[in-house]
Every structure is written in structure tokens, then in C-alpha cells.
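The chain contents come next:
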Amino acid sequence: MVTEPRPELVAAARAGDPRAYDEVAEWMFATVLRFYKQGRWSDDEVHELSQRTIRDLLEKFAELPADPEQLRSRVEAFATMTIRKYVGGRQREHGRRTAALYHPRTPSRQMDSGLKMRQLLALVRQELRNVRTPFRVSFLRVIFGETPKRIAKELGIPVGTLRRRVWQVRRVLDSAREQSRRTPVRYRT
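In this text the structure is predicted, and so the values were computed from the model without any measurement.

The rules behind the values
Throughout this description, residue numbers start from 1 for each chain and increase along the sequence as written. This being a predicted model, a pLDDT of at least 70 is required before a residue's local features are given, and a value of 80 or more before pairs of side-chain atoms are given or counted; all residues contribute to the totals for chains, interfaces and linings. Each side-chain value is derived from all of the structure's non-hydrogen atoms; neither hydrogens nor water enter the calculation. Counting from the N terminus, the helices are DSSP H or I runs at least four residues long and the strands are E runs at least two residues long. Burial classification: accessible surface area is computed with a 1.4 Å probe over protein chains only, and a residue below 20% of its type maximum counts as buried, one above 50% as exposed, and the rest as partly exposed. Contacts are assigned to residue pairs with any non-hydrogen atoms lying within 4.5 Å of each other. Here the open area of atoms and residues is found with the Shrake-Rupley method and a 1.4 Å probe, where only the protein chains shown may cover a residue. Patches were defined on residues exceeding 30% relative accessible area and lacking a salt bridge, with like-charge contacts within 9 Å and nonpolar side-chain contacts (Val, Leu, Ile, Met, Phe, Trp, Tyr) within 5 Å. By convention in these notes, a salt bridge is any Lys or Arg side-chain nitrogen within 4 Å of a carboxyl oxygen on Asp or Glu. Charge assignment in this entry is limited to Lys and Arg as positive and Asp and Glu as negative, and neither His nor the chain termini are counted. We put the charge of a Lys on NZ, of an Arg on CZ, of an Asp on CG and of a Glu on CD. Aromatic pairing here means that ring centres of Phe, Tyr or Trp (its six-membered ring) are within 6.5 Å. Orientation follows from the plane angle: under 30 degrees is stacked, over 60 is edge-to-face, and everything else is tilted. A pocket, in this scheme, is an open set of points on a 1 Å grid over the protein atoms alone with protein on both sides within 12 Å along at least 5 of 7 lines, while a cavity is a set where a 1.4 Å probe fits but cannot get out; residues line either one if an atom lies within 4 Å of a point. Grid points are joined across faces, edges and corners, and a volume is the space filled by probe spheres set on the points. Fitted lines through C-alpha atoms serve as axes, helices being fitted only where they are in contact, and the angles separating the N-to-C directions of these axes extend from 0 to 180 degrees. For classification purposes, angles smaller than 35 degrees are called roughly parallel, those larger than 145 roughly antiparallel, those between 65 and 115 roughly perpendicular, and all remaining angles oblique. The hand of a helix crossing depends on one turn: near helix anticlockwise from the far one by less than a right angle means left-handed, and clockwise means right-handed. Three categories are distinguished: nonpolar for Ala, Val, Leu, Ile, Met, Phe, Trp, Tyr, Cys and Pro, charged for Asp, Glu, Lys and Arg, and polar for the others, with Gly belonging to the last. Expected helix span is given by 1.5 Å per residue-to-residue step, counting one fewer step than there are residues. The directions from the helix axis to the C-beta atoms form the arc being described.

## Overview of the overall build of the protein chain
- Helix and strand content of the protein chain: eight helices and zero strands.
- For the protein chain, the residues scored as buried account for 28% of the 189 residues in total.
- Considering only intrachain contacts with a sequence separation of at least 6, the fraction spanning at least 24 residues in the protein chain is 61%.
- Counting every atom, the protein chain has about 14000 Å² of accessible surface; 53% of that belongs to carbon and sulfur.

If you want it as C-alpha cells, here you go:
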């Protein structure tokens, strides 16, 4: 059984002593393994979860506390976070498989969504042609990932002005999209 590390050992490990680092890492691995063996996990899951947790712990080794009690608490907190991520990922994957099994996309729905997307893209292109050039340029550059500060500096305008321009273009596009959703009511006479 690996004993809990003393504060001096953790400090030496942080300072770069390889033997101290190995002892602290071995203790962390034993603690994580003991933590996971208490649960309902298979051996493969215990191995995978332990590897993930140790990798995360060693990445943040310099930030770990030197006090043994706080260190154990932090190690168990990392293990708990790893379990939550693992279980969440399994639940999301199960949800995707279930949705694909019970709600398959029919070809007509696929074609319909593709047609709507093409119509929406055509509408956006048409509306962007109607927007003034400085507004369109600002909007497109923000959409393609440039930072507003950089764009504003290059254009020589305040950042607030750039954000207002982007907001106005988004408002125009949103109203055009809403208008396209509304179908006129036809009355028979």
C-alpha cells in the first residue's frame, strides 16, 4: 500500500525531483484506482477512467496543493469530474443511437430540409445584396471568425460602431427570415 505523501515530498516533486515526482504520481494513481474500484465499473472502464484522471492531474501538477489532505480531496474531485464526463458522454451516445433507431430521417424529410436550406441561403444572399457595403463587409468578416477589435482597428472605426453594424445586419436577416416563414393566407371567394 502506498503511503500518503508528505508536504515536503510534494514540494520536492514540484521542484523537479524525479523520485519525488514518481512517488507522488504513484500515490495519486493508487488513490484514483481505489476510488474507481469502489464503484460499479468494469476493469476496462476503471483502466480508461484512471488513465484519463491521471493525465488531467499530471497536466495540472503545479497547481495541486502540498497538504496531503487537500491533495487527496483534489485527486478525488478530479476522479469525480472524470466520471461525470464519462457518464455524460455515454448518455449522449446512447441518446444519439436511440434517436437514430426510433426516429430515422425519411428521404422526404431530408429533401424537404435541404430545400428549405437552399431557400434560406438564397434569401440570405438576396438580403445581403440589399445591405450597404460597409455593413455587409463588417458582418461577413465577423461571421468568418475575425475579432471585432481587429476589424474595427483596420476599418478605423470604434468597436461599438462595428458591433452596431453587425447587429443591424442580423436584424435585417432575421426579419427577412421571419417574413419568409409567414405564408400568405389565401381566401376562396
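## A few points about a negative patch on the surface
- Taken together, the side chains of Asp17, Asp22, Glu23 and Glu26 present a region of like negative charge at the surface.
- By the secondary structure assignment, Asp17 is in the loop between helix H1 (7-15) and helix H2 (18-37).
- Asp17 sits in the partly exposed class, given a relative accessible area of 35%.

## Some details on the pattern of salt bridges
- Summed over the entire model, instances satisfying the criterion amount to eleven salt bridges.
- Arg141 is paired through a salt bridge with Glu146; the nearest N and O atoms lie 3.0 Å apart.
- In this structure Glu146 comes out as partly exposed when scored by relative accessible area, which is 25%.

## So, a nonpolar patch on the surface
- Taken together, the side chains of Leu140, Ile143 and Phe144 define a hydrophobic patch exposed on the protein surface, amounting to about 310 Å² of accessible area.
- On the secondary structure map, Ile143 appears in helix H6 (residues 133-143).
- Look at Ile143 and you get partly exposed, because its relative accessible area is 44%.

## Thoughts on the packing of aromatic side chains
- Enumeration according to the criterion identifies three aromatic pairs in this entry.
- Aromatic side chains Tyr21 and Phe61 sit 5.0 Å apart centroid to centroid with 65° between the ring planes, which places their arrangement in the edge-to-face category. Placement of Tyr21 in helix H2 and of Phe61 in the loop between helix H3 (43-59) and helix H4 (68-102) is noted, with a sequence separation of 40 residues between them.
- The class for Tyr21 is partly exposed, based on a relative accessible area of 27%.

## Quick notes on the layout of surface pockets
- Within this model, the second largest pocket holds a volume of roughly 160 Å³.
- Lining of the second largest pocket is provided by Met117, Leu120, Leu121, Leu123, Val124, Leu173, Asp174 and Arg177.
- For the lining of the second largest pocket, the secondary-structure elements that each account for two or more residues are helix H5 (107-130) and helix H8 (159-181).
- A per-element tally of the lining of the second largest pocket places H5 first, with five residues.

## Things to note about the packing of H2 against H3
- Viewed as axis vectors pointing N to C, H2 and H3 meet at an angle of 140°, and their least axial separation amounts to 9 Å. With respect to each other, H2 and H3 are oriented oblique. Crossing handedness for the pair H2 and H3: right-handed. Between H2, through Tyr21, Ala25, Met28, Phe29, Val32, Leu33, Tyr36 and Lys37, and H3, the contact on the second element is made entirely by Asp43, Val46, Leu49, Ser50, Gln51, Thr53, Ile54, Leu57 and Leu58.
- Classifying every residue of the contact of H2 with H3 by side-chain character gives twelve nonpolar, three polar and two charged.

## A closer look at H3
- Here H3 is 17 residues long and its end C-alpha atoms lie 24 Å apart, about the 24 Å a rise of 1.5 Å per residue gives.
- Of all the positions in H3, only Glu45, Val46, Leu49, Ser50, Thr53, Ile54, Asp56 and Leu57 are classed as buried. Along H3, the residues classed as buried sweep out an arc of 160° about the axis, all on the same side. Turned more than 90 degrees off the buried face of H3, the exposed positions are Asp44, His47 and Glu59.

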